[in-house]
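Observations on the model geometry
Each chain, letter by letter, is given below.
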Amino acid sequence: MIRQDRIIALISNNFAGRVIITKTYVDELHLKTAKNELPILALKLHDWGFPLIQLTATDERDIHGQFRLFYTFANDNEKFLMVVSVSIAETEPSFPSLTNKVPAAHWYEREIRDLFGLDPIGHPDKRCLAVHEDWPEELYPLRKDFRLDTEVLRTNGQFQYNKVEGEGVMKVPVGPIHAGIIEPGHFRFSAVGDTVINLEARLFYTHRGMEKLAEGKTPLDALLIVERICGACSFSHTTSYCQALEKLSGTEVSTRVNYIRTVVLELERLYNHVGDVGNICAGVGFAFGTMHGARLKEDLMRLNEKVFGSRFLRGINTPGGLRRDISVLDSGLIRVALDELEHDFRDLVGIMLDTNSFIDRVLTTGILLNRTANDLHAVGPAARASGVDRDVRRDHPYAAYDRVSFKVPVYKQGDVLARIKVRIDETFESINIIRQILSEMPSGELTKPLGKIIPFNYAVGMTESARGENVHFIMIGKDNTIYRYMVRSASYVNWPVVPSTVPGNIIPDFPVINKSFELCYSCLDR
Amino acid sequence: MLRLFHKSLKTGTVTTDYPEKRSVPVPGFQGLPEWQNQSCIQCGLCADICPTKAIKLQYGKNDSFWTVDPKKCIFCGYCVEVCKRAIVQSGQYELAESTLQTPHVQAFKHSVHIRHLDSGSCNACDWEMTTLTGPVYDIQRLGFDFVASPRHADVLMVTGPVTRNLEIAVHKTYAATPAPKLVLAVGTCACSGGICGKSYASAGGVDNILSVDVFIPGCPPRPQALIQGLLKAVGRA
């Protein structure tokens, strides 16, 4: 019996003839339905407990005169994804919005409106998102008839922030350029005294057009773009990307490749988590934690460079395998470094968690409610600190995660402290995973040529980065080039929950709350 | 409190002695490609595969040879892989290029205040800049420090290709910085647009928007390369 049998039966019982199964991969099921059936099917899937993890569009007018929407739902128990596709006629460029029933759809739908010009009918917030207010109306950058190098003039558009009114309400605008060495975003606080009553985040400042840039490129050329979507999750992004392409081309990478990828993915998590735990201390001026965290992070980045030639783990992955192998000597280097790190980091977090002035600032600060986390599909350490027991490594195993044993730490409190604790626990789990992998490293070939992919086939690749689930959608066009590429990073789904955690806290607590989520701007803005 | 002191004393000094002592990356480092001309048959595969068109054929008096523009190179190593005979990825990473006729040595001396300006980077350059203020690179020991406002800054370190959505902020930040000021383009995206190039969303490099005094290539530049660039900017390297 294949994984999808139960759901296929369920769907044919409920939607006989109205939903067609178009393709089945081991861990992916493709469904097709009509535009008017979509809300019914999507709500049913949502009610059956499958979260919406990605929603994107393609412009296929040059093939069959229509746009298409792709809704991806995750079935964590049976470990597969369901991608529902819907065609949208050019003459009727709109689709029913799901946001009121499935809040996780909110940003995707706005982004599709901005980039493809398809109108989500019934969406409660139709302000621009991915393009800014000075972008002209009726110009949609991800449509195929929009050229990448188009010069776009600025218009006089105005952005309407949500109105917060009342006696003593002060507005505090911050950014996009910040005081520290941080990425750009605009935050608009409405506060009474020091207490925040509303926060609105304005993002997409670093939109570089990475998805458009990848179109028409070969998988190898696009890989370099994927590596540069984000500095800190570079390897996780390339792994999602490679997995999607390997799925599409039926390429099965060797066990060795899967093992090495697991090591690198965990090394990436380690330098991020250790650095983040230190950085959170910077949010409350606890210099001891910041400096020791920075020191340990630097040790890990130097290890990355020694073993792989890149501090940010670039230049390692390639579709069909790896560009770099690790030697026995490298394994030894990693082992020694991990032994030192484990000891040092345990010392450091022991002191941190025993320091009352530090705990006082992070305990009960910036609470993310479990319900909000579920409704908006928050992911990663942030969600796990709010009682959401999800981890792609366990629920949709990839690379060699089905060969190792590890715990997924979950806390219920949802505050800054819980997010720190999740990262601390995961750091020790990562060390443990790498040790298991290194002790039984199999031999195997490093790369396999990627087979030819049938034009206009699509697939989804998913990994768990240090920030959470990273979902990449790839559709291949003619001549094995990328036709459409959509990156839904962990930051994409976690950014909308951040403002919900701030009201009731004081403005000076915002830096620590923000750092405890440790989200990327570039991962979101692309 | 005693545990804090104990931990820090036990850790000891971790600060690097760069730039007094050079840091040489281990073999396998993804550095700038280097041609061994005697083995090169000038087939041009390297230039064809280069994703940012950084590799060009140069003509000398009697010969021709390949050169790579560090400001465009993203250090991907594709040229090395396609060539297999004449190109190696070298350990070169201190690649700062200054356009200053005379460095502002007098104006800044040994107290230089830097403002980071993210114009759409992937955050890798930003992370390396953050590292500079940590215990390992500790650039305060060299007379540099990061400040919170452009109004307090002598130097703007700009990362990213300048996205459409940040162009106005870049202009405003530059205008808010008092003269004399220096602009450093940090990382390949800032130096030339890099992988992002010029598009509807990207201006294709900081020098298309502001006049740049020092380019610090790298994808991202190593922390030592950032220090070298800073020292170069103030005439100390």
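Residues numbered from 1 in each chain as written. Chains lettered and ligands numbered in written order. Predicted model: local features only at pLDDT ≥ 70, side-chain atom pairs only at ≥ 80, totals over all residues.

Focus on the overall build of chain B
Looking only at helices and strands, one finds 8 helices and 10 strands in chain B. In terms of overall size, chain B behaves like a compact globule, its C-alpha atoms giving a radius of gyration of 19 Å where 237 residues would be expected to give roughly 18 Å. Principal axes of the C-alpha set define a box for chain B whose edges measure 65 × 45 × 35 Å. Residues counted as buried form 52% of the 237 residues belonging to chain B. (Helix = DSSP H or I, 4+ residues; strand = E, 2+ residues; numbered from the N terminus. Rg over C-alpha atoms; globule rule 2.2 N^0.38 Å. Buried ≥ 20, exposed ≤ 12 C-beta atoms within 10 Å, placed from the backbone.)

Quick look at the overall build of chain A
Looking only at helices and strands, chain A has 18 helices and 15 strands in total. Whereas a compact globule of 526 residues would reach a radius of gyration of roughly 24 Å, chain A reaches 23 Å, a difference of no more than 12%. With the principal axes as the frame, chain A shows a C-alpha extent of 70 × 65 × 50 Å. Taking all 526 residues of chain A together, 57% fall into the buried category. A fraction of 67% describes how many contacts in chain A between residues 6 or more apart in sequence connect residues 24 or more apart. (Contact = placed C-beta atoms within 7 Å.)

Some points on the domain arrangement of chain B
Many descriptions give the size of an interface as the accessible area lost when the pieces come together. Residues and elements named next belong to chain B. According to the domain assignment, chain B contains domain 1 (33-89) and domain 2 (97-233). Taking the mean C-alpha position of each, domain 1 and domain 2 sit 28 Å from one another. Classifying every residue of the side of domain 1 that touches domain 2 gives 5 nonpolar, 1 polar and 2 charged. (Domains from an automatic or database assignment. Nonpolar A, V, L, I, M, F, W, Y, C, P; charged D, E, K, R; others polar.)

Things to note about the nonpolar core
Ala 378 and Ile 474 of chain A together with Val 158, Leu 184 and Ala 185 of chain B are the most contacted members of the largest nonpolar core, which totals 238 residues. Tallying contributions element by element places helix H8 (residues 255-282) of chain A first for this core, with 14 residues. With residues near it in sequence (within four places) discarded, Leu 184 of chain B still touches Val 155, Leu 156, Met 157, Val 158, Asp 213, Val 214, Ile 216, Gly 229 and Ala 233 of chain B. (Core = buried A, V, L, I, M, F, W, Y, C linked by C-beta atoms within 7 Å.)

Looking at the packing of helix H6 (residues 219-227) of chain A against helix H7 (residues 234-249) of chain A
Residue and element names in this part refer to chain A. Across the interface, H6 lies against H7 with an axial gap of 9 Å and an inter-helix angle of 150°. It follows from the interaxial angle that H6 and H7 lie roughly antiparallel. In this structure, H6 crosses over H7, and the sense of that crossing is right-handed. Listed contacts from H7 to Pro 219, Leu 223, Val 226 and Glu 227 of H6 are Ser 234, His 237, Thr 238, Tyr 241 and Leu 245. For the contact of H6 with H7, the class distribution of residues is 5 nonpolar, 3 polar and 1 charged. (Axes fitted to C-alpha atoms, helices over the stretch in contact; angles between N-to-C directions. Parallel < 35°, antiparallel > 145°, perpendicular 65-115°, else oblique. Left-handed = near helix turned anticlockwise from the far one by under 90°.)

Thoughts on the domain arrangement of chain A
Residue and element names in this part refer to chain A. Looking at the assigned domains, one finds that chain A contains domain 1 (4-121), domain 2 (169-202) and domain 3 (210-517). On a C-alpha basis, the centroid separation for the pair domain 2 and domain 3 is 27 Å. Listed per partner, the contact involves 11 residues of domain 2 and 9 residues of domain 3. Elements supplying a minimum of two residues to the side of domain 2 that touches domain 3: strand E9 (186-192) and strand E10 (195-202). In terms of residue class, the side of domain 2 that touches domain 3 is made up of 7 nonpolar, 2 polar and 2 charged.

Examining the sheet that holds strand E5 (residues 97-98) of chain B
All names here are of chain B. The 6 strands are arranged E5-E10-E9-E8-E6-E7 in an open sheet whose pairing can be described as mixed. Each edge of the open sheet carries a strand with a single partner, namely E5 and strand E7 (144-146). Alignment of strand E8 (residues 155-159) against strand E9 (residues 182-186), held across 5 bridges, turns out to be parallel. The partner of Leu 156 across the bridge, within E9, is Val 183. (Pairing = 2+ DSSP bridges.)

A short note on the packing of H7 of chain A against H8 of chain A
To characterise two packed helices, one gives the angle between the axes of the helices and the distance between these axes. Residue and element names in this part refer to chain A. Orientation of H7 relative to H8, taken along the N-to-C sense of each, is 145°, at an axis distance of 8 Å. The residues of H8 that touch H7, namely those facing Phe 235, Ser 236 and Thr 239, are Arg 261, Val 264, Leu 265 and Glu 268. Residue composition of the contact of H7 with H8, by class: 3 nonpolar, 2 polar and 2 charged.

Here's the deal with the interface of chain A and chain B
Residue-level contacts link 42 residues of chain A with 47 residues of chain B. For the side of chain A that touches chain B, the secondary-structure elements that each account for two or more residues are H6, helix H9 (287-308) and helix H10 (328-354) of chain A. Of the residues forming the side of chain A that touches chain B, the biggest block, 7 residues, is contributed by H9 of chain A.

What about helix H17 (residues 510-517) of chain A?
All names here are of chain A. Judged by how many residues are buried, H17 sits mostly within the fold: 7 of 8 residues are covered. Buried within H17 are the following residues: Phe 510, Val 512, Ile 513, Asn 514, Lys 515, Ser 516 and Phe 517. Residues of H17 that are buried sit in contact with H8, helix H11 (356-362), helix H13 (380-384), helix H15 (416-439) and helix H16 (490-494). Once H17 finishes, Glu 518 follows within two positions and takes phi at roughly 45°, a positive value.

A short note on the sheet that holds strand E4 (residues 66-75) of chain A
All names here are of chain A. Here 5 strands make up an open sheet; going across it, the order is E1-E2-E5-E4-E3 and the pairing mixed. Sheet topology places strand E1 (19-25) and strand E3 (52-60) at the edges, where each strand pairs with a single neighbour. Across the sheet, the axes of successive neighbouring strands diverge by a mean angle of 20°, strand direction being ignored. One ladder, built from 6 bridges, connects strand E2 (residues 28-33) with strand E5 (residues 80-89); its direction is parallel. Counted as the bridge partner of His 30 is Val 83 from E5. Here helix H4 (residues 106-116) sits on the sheet and contacts E3 and E4; the angle it forms with E3, its principal contact strand, is near 15°.

A closer look at the confidence of the model for chain B
On average, residues of chain B carry a pLDDT of 91, and 98% of them reach 70 or more. On the interface metric, ipTM, the complex scores 0.94, and its pTM is 0.95. (pLDDT = per-residue confidence, 0-100.)

Re helix H2 (residues 38-47) of chain A
Residue and element names in this part refer to chain A. The set of residues buried in H2 consists of Leu 38, Leu 41, Ala 42 and Leu 45. Viewed along the axis of H2, the buried residues span an arc of 95°, placing them on a single side of the element. The elements touched by buried residues of H2 are E1, E2, E4, E5 and strand E6 (94-96). In the stretch just after H2, Gly 49 is the one whose phi turns positive, near 100°. (Arc of directions from axis to C-beta.)

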